[in-house]
Amino acid sequence: MELYIAGGVGEHGRNCFFLQNGGDAILVDCGLMAGSDDPLPRLTESQIRKLKAVFLTHSHADHTGALPWLLRQGYTGPIISTTPTLQQLPFIVQNAVALEQVAPRNEKCNGITWGLSGHCEGSVWLKLDWDDKAILFSGDYTEQSAVYPCDVLRNQVADLAVLDCAYGHDSTLWNDSVTAAAAAVENLLEKTPIVFLPVPKYGCGLDLLLQIRRRLPYVPLYGDAHFCKQTEIALVDGKWYKPLPQRILRSVRPDAAENEGVVFLSDPQLTRRSGGACQRTVRTRRNGHNDRHAGCRKFQLCTAGRKENGILALSGASE
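Residues numbered from 1 in each chain as written. Predicted model: local features only at pLDDT ≥ 70, side-chain atom pairs only at ≥ 80, totals over all residues. Heavy atoms only, no water.

1. Concerning the overall build of the protein chain
Part 1 of the argument: Counting its regular elements, the protein chain contains nine helices and 17 strands.
Part 2 of the argument: Counting across all 319 residues of the protein chain, residues that qualify as buried make up 55%.
Part 3 of the argument: Within the protein chain, contacts between residues separated by at least 24 positions form 64% of all contacts whose residues are at least 6 apart in sequence. (Helix = DSSP H or I, 4+ residues; strand = E, 2+ residues; numbered from the N terminus. Buried < 20%, exposed > 50% of the residue type's maximum accessible area, 1.4 Å probe, protein only. Contact = heavy atoms within 4.5 Å.)

2. A word on the pairing of strand β9 (residues 133–137)
Part 1 of the argument: The buried fraction of β9 is high, at four of five residues.
Part 2 of the argument: Pairing of strand β8 (residues 124–130) with β9 involves five bridges; the strand directions are antiparallel. Residue pairing across strands places L128 opposite I135, the latter belonging to β9.
Part 3 of the argument: In sequence, β8 turns back onto β9 through a hairpin of two residues, with D131 there showing a positive phi of about 55 degrees.
Part 4 of the argument: Looking at chain direction, β9 and strand β10 (residues 160–162) are connected through three bridges and run parallel. In the sheet register, I135 faces β10, and the bridge partner there is L160. (Pairing = 2+ DSSP bridges.)

3. Structural notes on the packing of aromatic side chains
Part 1 of the argument: Summed over the entire model, instances satisfying the criterion amount to four aromatic pairs.
Part 2 of the argument: Pairing F17 with F137 gives two aromatic rings, centres 5.9 Å apart and planes at 45 degrees, and the pair type is tilted. Residue F17 is located in strand β2 (residues 17–21), and its partner F137 is located in strand β9; the two are separated by 120 residues in the primary sequence.
Part 3 of the argument: Overall, the relative accessible area of 7% leaves F17 in the buried class. (Phe/Tyr/Trp six-rings, centres within 6.5 Å; stacked < 30°, edge-to-face > 60°.)

4. Section: helix α7 (residues 205–215)
Part 1 of the argument: Extensive coverage of α7 is indicated by the burial of eight of its 11 residues.
Part 2 of the argument: When α7 is considered as a whole, its buried residues turn out to be G205, L206, D207, L208, L209, L210, I212 and R213.

5. Side note on unusual backbone geometry
Part 1 of the argument: The phi angle at N106 is positive, at roughly 60 degrees, despite the residue not being glycine.
Part 2 of the argument: For N106, the location among the structural elements is in the loop between α5 (99–102) and β7 (112–116).
Part 3 of the argument: Assessed through its relative accessible area of 41%, N106 is described here as partly exposed.
Part 4 of the argument: Of note, D132 is a non-glycine position whose phi angle comes to about 65 degrees, a positive value.
Part 5 of the argument: Considering the arrangement of structural elements, one finds D132 in the loop between β8 and β9.
Part 6 of the argument: Overall, the relative accessible area of 80% leaves D132 in the exposed class.

6. Structural notes on the packing of α7 against helix α8 (residues 225–236)
Part 1 of the argument: It is at 11 Å that the axes of α7 and α8 come closest, and there the two elements cross at 85 degrees. One element, α7, and the other, α8, form an angle in the roughly perpendicular class. Along the contact surface, α7 presents G205, L206 and L209, while α8 presents F227, Q230, T231 and A234.
Part 2 of the argument: Split into classes, the residues belonging to the contact of α7 with α8 amount to four nonpolar, three polar and no charged. (Axes fitted to C-alpha atoms, helices over the stretch in contact; angles between N-to-C directions. Parallel < 35°, antiparallel > 145°, perpendicular 65-115°, else oblique. Nonpolar A, V, L, I, M, F, W, Y, C, P; charged D, E, K, R; others polar.)

7. Here we look at the state of the cysteines
Chemically, a disulfide is nothing more than a covalent bond linking the sulfur atoms of two cysteines.
Part 1 of the argument: Evaluation of the coordinates by the stated rule reveals zero disulfides.
Part 2 of the argument: Looking at the unpaired C204, the closest cysteine sulfur is the one in C120, lying at 10.0 Å.
Part 3 of the argument: A relative accessible area of 6% places C204 in the buried class. (Disulfide = S-S within 2.5 Å.)

Spelled out as structure tokens, the structure:
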């Protein structure tokens with residue numbers, strides 16, 4: 001059996017794990033490395049021909065962005081992931097297979113065990129049995145999200161564990177990081193009436209919403225159409241979300257360009273002019289396996305082009 005990290009994991013993130021047993025192989029995730037001159041996975045034509053299945057841990061581009069490239073290289077086998085992940089992909093996938101139909105959550109079936117990873121809607125960890133060996137892939141993993149449930153990994157037993165530690169040099173916990181980001185928003189609102197807050201399309205935006213509303217109970221909150229849709233889904237979805245305070249979720253109004261408050265921007269196609277130059281950087285971090293792995297995400301604080309506008313923004317939100 002051979003495990004090959006076909007993309008490596010680095011500062012900008014690129015996840016692609018090639019597992020081969022004889023003439024058969026599978027792939028776990030197929031990500032792009034953002035900002036790299038060589039963003040694609042390092043897979044040869046021979047390796048791609050051996051692939052029998054591709055598994056996805058979640059929909060973020062550093063885990064799925066190279067799938068269109070893989071399909072263009074001739075891969076026609078199944079792409080297996082949870083239903084939300086498949087629905088979130090920004091491109092059409094043929095031969096998609098819902099993971100829930102292959103194996104029930106937290107039950108070993110067809111050599112597959114999976115559980116929720118606490119990262120975003122539909123995100124999972126995977127344990128695959130192959131050739132009498134168990135290989136565990138964590139995906140992006142956190143036990144601390146107030147929004148997304150997590151099936152704890154520490155009780156799992158495997159012959160090999162691949163833990164996603166792309167930002168593992170930072171020891172700050174996820175909760176501390178989200179709290180720090182909310183505090184940064186609070187500080188900005190002392191200087192300006194409006195703060196634009198770019199957040200991942202799927203992921204920590206709702207965690208930030210809860211923290212900001214609890215710290216700033218009377219500040220108006222707005223969201224773009226996609227963010228408001230996510231709050232509506234979280235209100236009624238009991239499978240992929242924890243029970244959440246309805247009062248907080250319902251407090252987000254459609255973005256109407258009001259003169260004060262916090263505006264959540266989760267759709268990269270819906271841009272708002274924040275202008276100006278970067279003044280400073282606040283880091284938000286997400287912890288990983290066993291509360292030790294911490295990922296780092298940067299939020300840049302920017303001012304508007306004309307200071308008299310009184311608008312500041314958090315920009316550059318990462319997944």
